[in-house]
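Chain by chain, the residues run as shown.
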Amino acid sequence: MHANFSGTILTLALASLGGLVGHLLGLPAGWLLGSIAATLTASIAGLRLNYPSEFQSLVLLLVGISIGSSLSPNFFSEAVSWLPSLAGLLVVMLIITLTVSHALFRLTGLSGNTSFLSAFPGHMVLVLQTASQYPCNVPQVTMVQSIRLLFLVVLFPTLAQGAMDGRINQMQETHYSALTLLVLAAGLGAALCKRYKLPAAALLGSILGASLISISGFEVGKLPTGLETAVFVLTGAMIGTRFTGNHLGRMVKLLPVSCFSAALTLLATSVIALPVSVAINVPFTQLLLAYAPGGAEVMALIALAVGHDAGFVGFHHLARLMFMAISFPILLRLMISNE
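Attention in this report is confined to the structure presented alongside it.

### Let's talk about the overall build of the protein chain
Right, so step 1: Tallying secondary structure elements over the protein chain gives 15 helices and 0 strands in all.
Right, so step 2: In summary, the protein chain has a C-alpha radius of gyration of 19 Å against a globular reference of 20 Å for 339 residues, a match within 12%.
Right, so step 3: Dimensions along the principal axes, computed over C-alpha positions, put the protein chain at roughly 55 × 50 × 45 Å.
Right, so step 4: By residue count, 52% of the 339 residues in the protein chain fall in the buried class.
Right, so step 5: Within the protein chain, contacts between residues at least 6 apart in sequence are counted, and of these 76% link residues at least 24 apart.
Right, so step 6: For the protein chain, the computed accessible surface area is about 15,300 Å², with 67% contributed by carbon and sulfur atoms.

### What to know about the packing of helix α5 (residues 83–107) against helix α6 (residues 112–119)
Right, so step 1: Where α5 contacts α6, the two axes come as close as 8 Å, and the packing angle between them is 140 degrees. One way to sum up the angle between α5 and α6 is to call them oblique. By crossing handedness, the relation of α5 to α6 is classed as right-handed. Of the residues in α6, those in contact with Ile96, Thr97, Val100, Ser101, Leu104 and Phe105 of α5 are Gly112, Ser115, Phe116, Ser118 and Ala119.
Right, so step 2: For the contact of α5 with α6, the class distribution of residues is 6 nonpolar, 5 polar and no charged.

### A look at the environment of Ala87
Right, so step 1: Mapped onto the elements, Ala87 comes out in helix α5.
Right, so step 2: In sequence terms Ala87 and Val276 are 189 residues apart; their C-alpha atoms lie 9.5 Å from each other.

### A few points about the packing of helix α12 (residues 248–280) against helix α13 (residues 284–291)
Right, so step 1: Where α12 contacts α13, the axes come no closer than 9 Å and their chain directions differ by 130 degrees. It follows from the interaxial angle that α12 and α13 lie oblique. For α12 against α13, the interelement crossing comes out right-handed. The residues of α13 that touch α12, namely those facing Leu266, Thr269, Ser270, Ile272, Ala273, Leu274, Val276 and Ser277, are Phe284, Leu287, Leu288 and Tyr291.

### So, the packing of aromatic side chains
Right, so step 1: Enumeration over the complete set of coordinates arrives at 9 aromatic pairs.
Right, so step 2: Pairing Phe75 with Phe315 gives two aromatic rings, centres 5.5 Å apart and planes at 70 degrees, and the pair type is edge-to-face. With Phe75 in helix α4 (residues 75–81) and Phe315 in helix α15 (residues 310–335), this pair connects stretches of sequence that are 240 residues apart.
Right, so step 3: Taking the relative accessible area as the measure of exposure, Phe75 reaches 10% and is therefore buried.
Right, so step 4: Note on Phe120 and Phe328: the rings are 4.8 Å apart at their centroids and 70 degrees apart in plane angle, and the pair reads as edge-to-face. Within this pair, whereas Phe120 is found in the loop between α6 and α7 (124–131), its partner Phe328 is found in helix α15, the two being separated by 208 residues in sequence. Here the two residues Phe120 and Phe328 agree in accessibility, since each one is buried.
Right, so step 5: By the ring-pair criterion, three or more aromatic residues cluster together here, those being Phe75, Phe76, Trp82, Phe312 and Phe315.
Right, so step 6: Here Arg195 stacks its cationic end above the ring of Tyr196, 5.4 Å away from the centre of that ring.

Cut-offs used in this document
- Residues numbered from 1 in each chain as written.
- Predicted model: local features only at pLDDT ≥ 70, side-chain atom pairs only at ≥ 80, totals over all residues.
- Heavy atoms only, no water.
- Helix = DSSP H or I, 4+ residues; strand = E, 2+ residues; numbered from the N terminus.
- Rg over C-alpha atoms; globule rule 2.2 N^0.38 Å.
- Buried < 20%, exposed > 50% of the residue type's maximum accessible area, 1.4 Å probe, protein only.
- Contact = heavy atoms within 4.5 Å.
- Areas by Shrake-Rupley, 256 points an atom, 1.4 Å probe, with all protein chains shown as cover.
- Axes fitted to C-alpha atoms, helices over the stretch in contact; angles between N-to-C directions.
- Parallel < 35°, antiparallel > 145°, perpendicular 65-115°, else oblique.
- Left-handed = near helix turned anticlockwise from the far one by under 90°.
- Nonpolar A, V, L, I, M, F, W, Y, C, P; charged D, E, K, R; others polar.
- Phe/Tyr/Trp six-rings, centres within 6.5 Å; stacked < 30°, edge-to-face > 60°.
- Lys NZ or Arg CZ within 6 Å of the ring centre and 35° of its normal.

Okay, structure coming up:
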C-alpha cells in the first residue's frame, strides 16, 4: 500500500517536472512529450513507478471532455463531409492489420499469432487478453505495441506542429457554466457506457456526453489552461509507465522489430491519408492523427495542442475503436492458429 502510494507520488512528480521542461524547451505538445520522456526514463531505469487504474479512467474522461468541447452545433452537417475520410479510415485499419502482420511474420521471425496481435491497431487490453489465451509471445506483443505507440506519439506532434506553422487557433474565454454541464454529461455518459459494457466505455461515453452539450449550443470556449496541462501530464505518465518492469535489454532487442512495424504503419497510413486529404480539403497531418492505429486519447490531445480539429480526430478514433471491436472476432478466426 505504502509502496504504491509513494510510487504514485514519484510518478506524478516526474511527469510534472518532465512536462514543465518540455514546455519550457518549446517542444510541440511539450507537456505531453516531456511527461512521457521523464516517466519512460524512470521506468527503464528501474524506479518503482505506479499509475493507478483510476488515473487512466480520469484521463479518458478528461480527454472525452476535451474532444466533446471542440464540437459545434453544426456537427451533423460537418460529419457528413467526413464520410470519405471515415471510409479511408476503415481501409487503412484493414491494410495495417493484414500487411503489417504479414511483414512481421515473414521478415522478423515472430510467430504468426504474435505478428497478428502485434500489428492489430488498438484495443491493447483486448489484444493482451487474447494473446494470453493462444500460443503467443505475450511480452513481445506488449513491447511491440507499446514501442509502436511511443514512436507515433513522439513523431506526430513534430509533423503536425510543422504543418500548422505555429498557427494555433484558441478561443480566449472559458464559459464555466457550460463547462460544468459538459463535465456532468461526460461523467454520466461514461457511467452508462461502462454499465452496458461498451468498448472503450470511459472514452466513448465521455465524448458522447460532452458532445451532446456542445452540439446543443452550450459553448464552453477555451478549456482552462490548468485542465489542459493536467490532461497532458497524466496522459504522458500513462504512456511512460507502460514500460515499468521491462528491462532495457529486452527493449533494445525488440526495438528494430517495433520500429519496422511503426514505419510500415506510417507508410500505409500516409498512402491512404494523402489522397483523402486532397479530396476533402483536410490537412494531411490532421488525417494522420485521425488514422493513427492506437492512442485515441493521445492523438486527440496532440490535435488540440497543435491547433488541429480535435473533434474530427476524436470522432475518427471512436469510429476506429468501434470498427476494430466488431471486426476483431472475424479477424481472429482468419489470422490466429491454436497450434
